[in-house]
Amino acid sequence: MGIFTKDVKTMDDLMLHSLQDIYYAEQQITKALPKMIDLATNRDLASGLKLHLEETNKQIERLDQVFKKLGQNPKGTDCPAIDGIIKEANEIAGEIEDKQVLDAALVASAQAVEHYEICRYGTLIAWAEALGHDDIVRFLTTNLNEEKAANTKLNTIALRKGVNRKAAG
Ligand SMILES: [Fe+2]
Ligand SMILES: [Fe+2]
């Protein structure tokens, strides 16, 4: 929030700020995912990340709808949290030569992103409900459910599709 804190006075302001935060985060994620897809060796991992990139583009469109319903122009605001998660993902990936170990690192980084999103959407839904903005809850819930599904899929890829086993072996 930083220097913008003074602009947040009401709960509505707080929710709008959080929407701008996740809007920025989703956009940074669409920039980060192609690099992760290129680096992935495991086919389930690469195809899972590709599918989630497509989902992420649709999530941004849903957020456009949310801003519209609130009578606001879609706008992002700096989110140092997602910047940090993505920066760390890139740094770790850049240090790993072994492709199998790199896959395990990519899963972990992607799950950090999903957990961040799950946290943000959970909060936004609770705030939208508290403020009586029932018309935006369904858009946010669709996004939340996609993030949860993406996280579950990453778990499966790590644990049952051999990523962790190959990285350890
Ligand atoms: Fe997302
Ligand atoms: Fe996501």
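That block above? That's the structure.
This structure is a prediction, so every number in the text was calculated from the model and none was measured.

A.B. asks: Where do I start with the coordination of the iron ion (ligand 1) in this structure?
C.D. replies: Working reference: metal with six octahedral donors, ideal angles 90 or 180 degrees; metal with four tetrahedral donors, ideal angle 109.5 degrees. At this site the iron ion (ligand 1) is bound by Glu26 (OE), Glu26 (OE), Gln59 (OE1), Glu117 (OE) and Glu147 (OE), with donor distances of 2.0 to 2.3 Å. A distance of 3.3 Å spans the gap from the iron ion (ligand 1) to the iron ion (ligand 2), which Glu117 bridges by coordinating each metal. Pair noted here: Glu117 is in helix H4 (residues 99-130) and Glu147 is in helix H5 (residues 134-159), with a separation of 30 residues, a long-range link. With respect to burial, Glu117 and Glu147 carry one shared label: buried.

A.B. asks: Would you mind going over the coordination of the iron ion (ligand 2) with me for this structure?
C.D. replies: Each protein donor to the iron ion (ligand 2) is listed here as His52 (NE2), Glu114 (OE), Glu114 (OE), Glu117 (OE) and Glu147 (OE); together their distances run 2.0 to 2.7 Å. The class of Glu147 is buried, set by a relative accessible area of 0%.

A.B. asks: What should I look at first to understand the state of the cysteines in this one?
C.D. replies: Covalent bonding between the sulfur atoms of two cysteines is what defines a disulfide. Per the stated rule, a full pass over the model turns up zero disulfides. Considering cysteine sulfurs only, Cys79 is the nearest to Cys119, which forms no disulfide, with 10 Å between them. With a relative accessible area of 41%, Cys119 lands in the partly exposed category.

A.B. asks: Would you mind going over the packing of aromatic side chains with me for this structure?
C.D. replies: The description of two aromatic rings rests on the distance between their centres and on the angle between their planes. According to the stated counting rule, one finds one aromatic pair in the structure shown. Over the ring of Phe139 we find Arg138, and its NZ or CZ is 4.4 Å from the ring centre.

What counts, and where the lines are drawn
- Residues numbered from 1 in each chain as written.
- Chains lettered and ligands numbered in written order.
- Predicted model: local features only at pLDDT ≥ 70, side-chain atom pairs only at ≥ 80, totals over all residues.
- Heavy atoms only, no water.
- Donors = N, O, S within 2.8 Å, 3.2 Å for Na, K, Ca; no water.
- Helix = DSSP H or I, 4+ residues; strand = E, 2+ residues; numbered from the N terminus.
- Buried < 20%, exposed > 50% of the residue type's maximum accessible area, 1.4 Å probe, protein only.
- Disulfide = S-S within 2.5 Å.
- Phe/Tyr/Trp six-rings, centres within 6.5 Å; stacked < 30°, edge-to-face > 60°.
- Lys NZ or Arg CZ within 6 Å of the ring centre and 35° of its normal.

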